[in-house]
Amino acid sequence: MSCAKTLPVPTFKESIVQHHRTDGYWIETYWVDPEDKVPGLIGYGLGVGDICIFDNPLNGGPKEADGGWKSYCVKKLNSPVAVATGNCAGAGRNDIVICYEYGQTFLTANPDGGDIIWLENPGRDKETKKLKEDWKERTIGRWPAMHRLKAGYFTQRSILELIALPIVNGITQGDIDTAVPIIMFQKPEKSLNAIEWNRSIVDDQCFTVIHDAAPKKFEAQGGRDSLFVASRSGIDWLYWEDSKWKKEHITDGLEQKPGMDYYGSACVDVGKLGNDPSAYVMTIDPFHGGVVSVVTKQKTGPDSHTWTRKVLDIYGTPEQRQNKGTGPGHYVVCGDFDGDGDDECLVAMMGPSPWKGIFYYKCIDLENKVFAKWKISGESAARLAIGDFNNHGKLDVAAISYNVEKYYEEPNPTIRLYTNEIVKSAKSPPTIIGTVWGGEALYYVPKPTEITAPQTTPLINVAGYIMTLEIHPPNTSVPTKKGDATKVLYGKALDGEIPREPLNVPANEKASALLLHDKLDFPEVGCILMRIRPEEGYNPHKPDLAPPTSAHAEDTRVKVENLFEFSYPELALPQPLKFTQVGELEWGQAWVGKDFSNMTGIDFRFLDGTHLCHVQYWTIGKGVSAGVHNHSEDTFLEVHLCLVPGTGENTGMWRVPPDFPVDPEKPNDVPADKFIKLPLEALEQQGGFWERDRDGKPIWLDNGAVKYPWHKWQADNKKDGLDVWIAYEFNPELCL
């Protein structure tokens with residue numbers, strides 16, 4: 001399998017974030033505030049212990065005298081090691097989780113240390129954009145020799161969890177052979193008042209000398225995070241399935257030989273190629289070693305494979321190549337740096353010269369494990385942080401020099417930024433691709449940041465509202481007409497000062513989709529939206545009310561005009577989209593004879609296949625209920641937009657309060673006076689009903705569905721008209 005069609009030269013421009021340091025060990029990409037344009041950095045060393053945030057000047061805050069990155073020391077700790085970030089306080093900002101009291105080396109680790117704390121992010125001053133100073137400290141737990149922390153959602157998808165990995169068992173100094181406990185801490189409900197977090201053991205039998213781990217999220221694990229662990233065992237994949245932790249062994253890493261203390265693996269990350277999110281595993285072997293290896297899958301059957309390893313490089317002096325823990329290798333990270341959709345890999349070497357710097361690996365032939373390599377920096381690198389630090393749509397790299405007493409001490413340690421200047425191969429910008437998918441229309445869409453000019457395509461006319469798909473690149477605007485409404489599917493639009501986003505209507509509330517200004521502005525992320533424009537001269541509030549019969553299931557009372565333009569002239573829907581009485585559908589027996597129709601639908605996916613949103617349309621007659629349900633088998637975030645409230649002013653979404661018991665076998669028996677009612681007028685949209693945790697994230701059921709209260713669309717009984725509405729079903733995995 002050939003991986004690379006073109007090979008753009010990896011070019012990075014170096015600049016200084018901080019120099020004249022006295023030590024260096026950790027660097028991490030860090031978003032101070034969710035409203036920031038670009039990420040900043042966390043950086044520190046093990047010796048001085050000043051935990052510093054380096055604020056990206058592009059976010060508008062104060063700068064250093066030379067115009068560079070402003071540094072803020074938020075905490076001073078004794079021998080801090082690892083950082084993770086996550087929303088611990090529930091304020092919507094990333095807090096800092098850190099372990100400290102490590103000791104001088106892992107062989108002399110402090111048996112009473114390994115403390116894990118979190119620092120509450122107070123945010124920025126609204127006027128000056130300066131970081132606030134009051135970073136409150138709270139306890140999570142401890143274990144001696146604590147060395148790596150990884151935050152995520154490993155056993156469920158609603159409550160933040162922290163995987164803590166000591167490098168050695170830590171109870172007895174110098175012991176590297178006793179198994180290391182991998183510990184999971186779970187954020188408590190009242191995290192601001194908790195004495196510590198509850199903990200459980202992931203594994204305490206299989207691992208020794210754990211140097212690093214890489215969290216990864218795969219669709220097959222139901223959206224939960226999993227963990228690739230690098231230890232003397234090699235590389236192992238830990239994941240939660242069937243209510244327990246499971247382990248898949250990937251590779252032994254460097255072979256153990258008599259007299260060797262250090263073998264297996266030390267660093268790991270997983271690279272994506274094409275549609276395979278785990279096409280290859282890149283490693284450094286063993287602990288502080290210099291062996292760079294790649295591990296790939298070999299199929300052994302339709303649903304089975306084995307992993308095979310190939311050594312790509314061996315770095316280090318003759319002494320370092322003896323694998324005694326003094327080698328140059330310290331970190332690997334994968335990412336799509338050249339923008340071709342495939343991951344490359346960066347390897348960080350601490351030193352000395354010539355075995356120091358950052359090395360860039362690009363897959364050429366996966367089947368034969370052939371890579372190309374460039375050296376993009378000759379400076380010492382302990383770890384790397386990646387992100388779009390320049391707001392230019394590319395992954396940049398930041399590095400901190402390695403300077404740790406008793407290991408390797410790089411003179412004049414520095415934090416450097418490497419701005420990505422890779423020139424992509426000349427090609428036409430991606431475009432909307434329209435196709436058919438069974439009986440539905442399917443549109444593959446580029447992300448707004450991937451295009452330079454707006455793209456539009458007509459979709460459908462429903463009840464006299466003409467709907468058009470539009471994609472607008474960042475920092476552009478488009479005029480609007482009086483009567484226009486919009487539903488944003490991805491990104492952000494500004495209607496004057498009013499933000500329009502996919503899910504920003506507060507839960508259980510409502511807001512109008514009608515635009516109030518004569519233009520829409522699209523900030524730095526751009527926007528994908530559905531414009532809803534009334535057809536001139538058409539009155540959607542007075543449809544022909546002749547009811548359909550079961551013998552003629554198509555409901556023609558509401559105007560429907562298919563406007564789809566597919567990418568190839570040969571493509572056509574098997575039949576145009578139309579409203580069909582639900583009682584005539586396979587699943588709709590409960591509505592036989594009732595005035596309730598459905599039309600499905602339109603699907604939107606990104607060009608890489610990631611699902612964005614599904615859309616379908618509904619109508620309902622006077623006094624009819626769409627049925628009480630709770631989506632217990634569905635995985636989406638659903639919002640409704642009313643086109644025509646034809647049965648009266650009280651038509652809309654009803655939900656059952658959480659304290660009212662519902663018989664799941666007879667949900668429609670809930671009395672009408674027990675519902676909380678949310679009437680929707682024309683072009684009003686509902687804030688989603690799904691349940692959220694204290695961080696505002698969806699709560700997930702054990703079966704992988706999103707948790708909803710019992711609810712329904714209920715038509716009013718005042719008018720002999722029809723309600724017409726749109727259901728938008730968003731991918732809950734996406735950051736929209």
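Here the structure is a predicted model, which means the values were calculated and not measured. (Residues numbered from 1 in each chain as written. Predicted model: local features only at pLDDT ≥ 70, side-chain atom pairs only at ≥ 80, totals over all residues. Heavy atoms only, no water.)

**Some points on the overall build of the chain**
In terms of regular secondary structure, the chain is built from zero helices and 50 strands. Relative to the compact-globule value of 27 Å for 736 residues, the chain shows a C-alpha radius of gyration of 28 Å, a close match. Viewed in the frame of its principal axes, the chain has a C-alpha envelope of about 90 × 60 × 55 Å. When each of the 736 residues of the chain is scored for burial, the buried share is 56%. Once local pairs closer than 6 in sequence are excluded, the contacts in the chain between residues at least 24 apart make up 61%. As displayed, the chain has an accessible area near 31100 Å², and 49% of this comes from carbon and sulfur atoms. Side-chain charges in the chain split into 77 positive and 102 negative, and the spacing between the mean points of these groups amounts to 2 Å. (Helix = DSSP H or I, 4+ residues; strand = E, 2+ residues; numbered from the N terminus. Rg over C-alpha atoms; globule rule 2.2 N^0.38 Å. Buried < 20%, exposed > 50% of the residue type's maximum accessible area, 1.4 Å probe, protein only. Contact = heavy atoms within 4.5 Å. Areas by Shrake-Rupley, 256 points an atom, 1.4 Å probe, with all protein chains shown as cover. Lys, Arg positive; Asp, Glu negative; His and termini not counted. Charge placed at Lys NZ, Arg CZ, Asp CG, Glu CD.)

**Some thoughts on the environment of M350**
Checked against the element boundaries, M350 lands in strand 23 (residues 344–350). The class of M350 is buried, set by a relative accessible area of 3%. Sequence-wise, M350 and S265 are 85 residues apart; in three dimensions their C-alpha atoms are separated by 17 Å. Setting aside residues no more than four positions away along its own chain, M350 makes contact with H288, G327, P328, G329, H330, W355, K356, S380, A381, Y402, Y408 and E410.

**Structural notes on the domain arrangement of the chain**
How big an interface is tends to be reported as the loss of accessible area on association of its parts. Its domain assignment divides the chain into domain 1 (12–420) and domain 2 (433–730). The C-alpha centroid of domain 2 is placed 42 Å from the C-alpha centroid of domain 1. Contact with domain 1, which involves 13 residues of that partner, is made by eleven residues of domain 2. Here domain 1 and domain 2 share an interface that buries about 1100 Å² over both sides, 35% of which is from carbon and sulfur atoms. For domain 1, the biggest contributors to the area lost against domain 2 are Y153, R157 and S158; these three give 48% of the whole. Viewed at the interface, domain 2 and domain 1 are joined by zero salt bridges. Tallied by class, residues from the side of domain 1 that touches domain 2 come to three nonpolar, five polar and five charged. (Domains from an automatic or database assignment. Buried area = accessible area lost by both parts, 1.4 Å probe. Salt bridge = Lys/Arg side-chain N within 4 Å of Asp/Glu carboxyl O. Nonpolar A, V, L, I, M, F, W, Y, C, P; charged D, E, K, R; others polar.)

**Let's talk about the side chain of D723**
Assignment of secondary structure puts D723 in strand 50 (residues 722–730). The side chain of D723 sits in the buried core without any salt bridge; K719 is the nearest counter-charge, 9.0 Å away. Within polar-contact distance, the side chain of D723 engages the side chain of W713 at 3.2 Å. Setting aside its immediate chain neighbours within four residues, D723 contacts W618, T619, I620, V644, P645, G646, T647, T651, W713, Q714, A715 and D716. (Polar contact = N/O pair within 3.5 Å; in protein donor to acceptor, adjacent residues only side chain to side chain.)

**Remarks on the UniProt feature "domain: Aldos-2-ulose dehydratase beta-propeller" (unreviewed entry) in the chain**
Under the feature "domain: Aldos-2-ulose dehydratase beta-propeller" (unreviewed entry), the UniProt entry names residues 113–298. The distance separating the terminal C-alpha atoms of residues 113–298 is 43 Å; by composition the span is 0% helix and 48% strand. (UniProt positions renumbered as here; feature names shortened; annotations may be inferred.)

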